[in-house]
Amino acid sequence: MAKILVVTSGKGGVGKTTTSAAIGTGLALRGHKTVIVDFDVGLRNLDLIMGCERRVVYDFVNVVNGEANLQQALIKDKRLENLFVLAASQTRDKDALTLEGVEKVLMELKETFDYVVCDSPAGIEKGAHLAMYFADEAIVVTNPEVSSVRDSDRMLGLLSSKSRRAERGEEPIKEHLLITRYNPERVVNGEMLSIADVEEILAIKLKGVIPESQAVLKASNQGVPVILDDQSDAGQAYSDTVERLLGKEKELRFVDVQKKGFFERLFGSK
């Protein structure tokens, strides 16, 4: 049964698009036919992170408006056989998407794909509402800081009240928590909320913790989903997150302060 999975948050800049690219790629790596859909009309970035920006001819809005069909607009990933991208429009305004148009496209995608990953824009405006409205599951991305967690809490309220499932009185959207840019040293120093703090405020199931990592920026600049960098802490943490999404038990990694070895303490780390 195909699933629509929305990656959302209240605040911008928390790593939604990085997460959408990583989760979508991780699902495809595990044999699930996956499409990642960019809902951020006017500010598209997913195609850059996926490294396919030069191959965008038709976009999501073109399909909604009947100016192109899905086969024309879907971009096949060059690395993975069963991974596709549907880019957002850079030239339209945020009202270019309609509820009816989005439903038509998503239902058509569900016929072909195992997972439809919706990369939501930030905030609570129309694009974010459309991205979450048809979702079966949601990954709520938050940084361990008060303003980000508060905005995520507001998104949880919308997920439970403004979705199609809520309107129909169906089983609610399954919510998962993903904490990004986590730095255990800053937590110890009181500069950042702990995992327990975030879990207590949001009260949803934790699916992953992504450490603050230079690998994320490097991967984005290279147009490669960071999950493909399996030597990096962030890549491994995203891989663990995908495993948990698929129902496997994986212990959290990269969440404790690393103790320095004898020589590091003696000479200092470079």
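This text goes with the structure placed above it.
All of the points below concern the structure found in this document. Small disclaimer: the values here were computed from a predicted structure and weren't measured. (Residues numbered from 1 in each chain as written. Predicted model: local features only at pLDDT ≥ 70, side-chain atom pairs only at ≥ 80, totals over all residues. Heavy atoms only, no water.)

1. Some words on the pairing of strand β2 (residues 34-38)
Among the five residues that make up β2, five are buried, leaving the element largely enclosed by the rest of the structure. Along β2, one buried face is formed by T34, I36 and D38 and the opposite face, lined by V35 and V37, is buried too. Pairing geometry for β2 and strand β4 (residues 83-86), over four bridges, is parallel. In the sheet register, I36 faces β4, and the bridge partner there is V85. Pairing between β2 and strand β5 (residues 115-119): five bridges, direction parallel. When the bridges of β5 are listed, V35 appears paired with V116. (Buried < 20%, exposed > 50% of the residue type's maximum accessible area, 1.4 Å probe, protein only. Helix = DSSP H or I, 4+ residues; strand = E, 2+ residues; numbered from the N terminus. Pairing = 2+ DSSP bridges.)

2. Observations regarding helix α12 (residues 233-245)
Between its first and last C-alpha atoms α12 spans 18 Å; for 13 residues at 1.5 Å apiece the expected length is 18 Å, and the two agree. Taken across its 13 residues, α12 has eleven buried, putting it largely inside the fold. Those residues of α12 lying buried are A234, G235, Q236, A237, Y238, D240, T241, V242, E243, R244 and L245. Taken from the residues just after α12, G247 is the one with a positive phi, measuring 95°. (Expected span 1.5 Å × (residues − 1).)

3. Examining the side chain of E137
On the secondary structure map, E137 appears in strand β6 (residues 137-142). Under the relative-accessibility criterion, E137 is labelled buried at 8%. Among the polar contacts made by the side chain of E137, one reaches the side chain of K3 at a distance of 2.9 Å. Leaving out residues up to four positions away in the same chain, E137 has contacts with K3, I4, L5, V6, I173, K174, H176 and L245. (Polar contact = N/O pair within 3.5 Å; in protein donor to acceptor, adjacent residues only side chain to side chain. Contact = heavy atoms within 4.5 Å.)

4. Thoughts on the environment of D38
In this fold, D38 is placed in strand β2. A relative accessible area of 0% means that D38 is categorised as buried. In sequence terms D38 and S89 are 51 residues apart; their C-alpha atoms lie 8.8 Å from each other. Setting aside its immediate chain neighbours within four residues, D38 contacts R44, N45, L46, F60, L86, A87, A88 and D119. A polar contact is formed between the side chain of D38 and the backbone nitrogen of N45, at a distance of 3.5 Å.

5. Brief notes about the sheet that holds β4
The sheet built from eight strands is open, its strands ordered β3-β4-β2-β5-β1-β6-β7-β8 with mixed pairing. Every other strand in the sheet has two partners, leaving β3 (75-76) and β8 (205-211) as the edge strands with one partner each. Two strands pair when backbone bridges link them, and β6 and strand β7 (residues 174-182) are joined in this way by six bridges, in the parallel orientation. The partner of I139 across the bridge, within β7, is H176. Where helix α7 (residues 146-161) meets the sheet, its contacts fall on β1 (3-8), β6 and β7, and the angle it forms with β6 comes to roughly 165°. (Axes fitted to C-alpha atoms, helices over the stretch in contact; angles between N-to-C directions.)

6. Structural notes on the pairing of β6
Along β6, six of the six residues are buried, which leaves the element largely enclosed by surrounding structure. Every second residue of β6 is oriented toward a common face, with E137, I139 and V141 on one face and A138, V140 and T142 on the other, all of them buried. Summarising the sheet, β1 and β6 pair through four bridges and their orientation is parallel. Opposite V7, over in β6, you have I139 as the bridge partner.

7. Points about the packing of α7 against helix α10 (residues 195-202)
If you want to describe how two helices pack, look at the angle between their axes and the distance between the axes. Running from amino to carboxyl end, α7 crosses α10 at an angle of 30°, the nearest separation of the two axes being 10 Å. When the axes of α7 and α10 are compared, the pair comes out roughly parallel. The way α7 lies across α10 gives a crossing that is right-handed. Between α7 and α10, the contacting residues are V149, S152, D153 and L156 on the first element and V198, I201 and L202 on the second. For the contact of α7 with α10, the residue count by class is five nonpolar, one polar and one charged. (Parallel < 35°, antiparallel > 145°, perpendicular 65-115°, else oblique. Left-handed = near helix turned anticlockwise from the far one by under 90°. Nonpolar A, V, L, I, M, F, W, Y, C, P; charged D, E, K, R; others polar.)

8. Observations regarding the side chain of R164
Within the secondary structure, R164 is located in helix α8 (residues 164-168). In terms of polar contacts, R164 uses its side chain to reach the side chain of E103, at 2.8 Å. Setting aside its immediate chain neighbours within four residues, R164 contacts E103, M107, Y133 and F134.

Any link to function would need more than the numbers given here.
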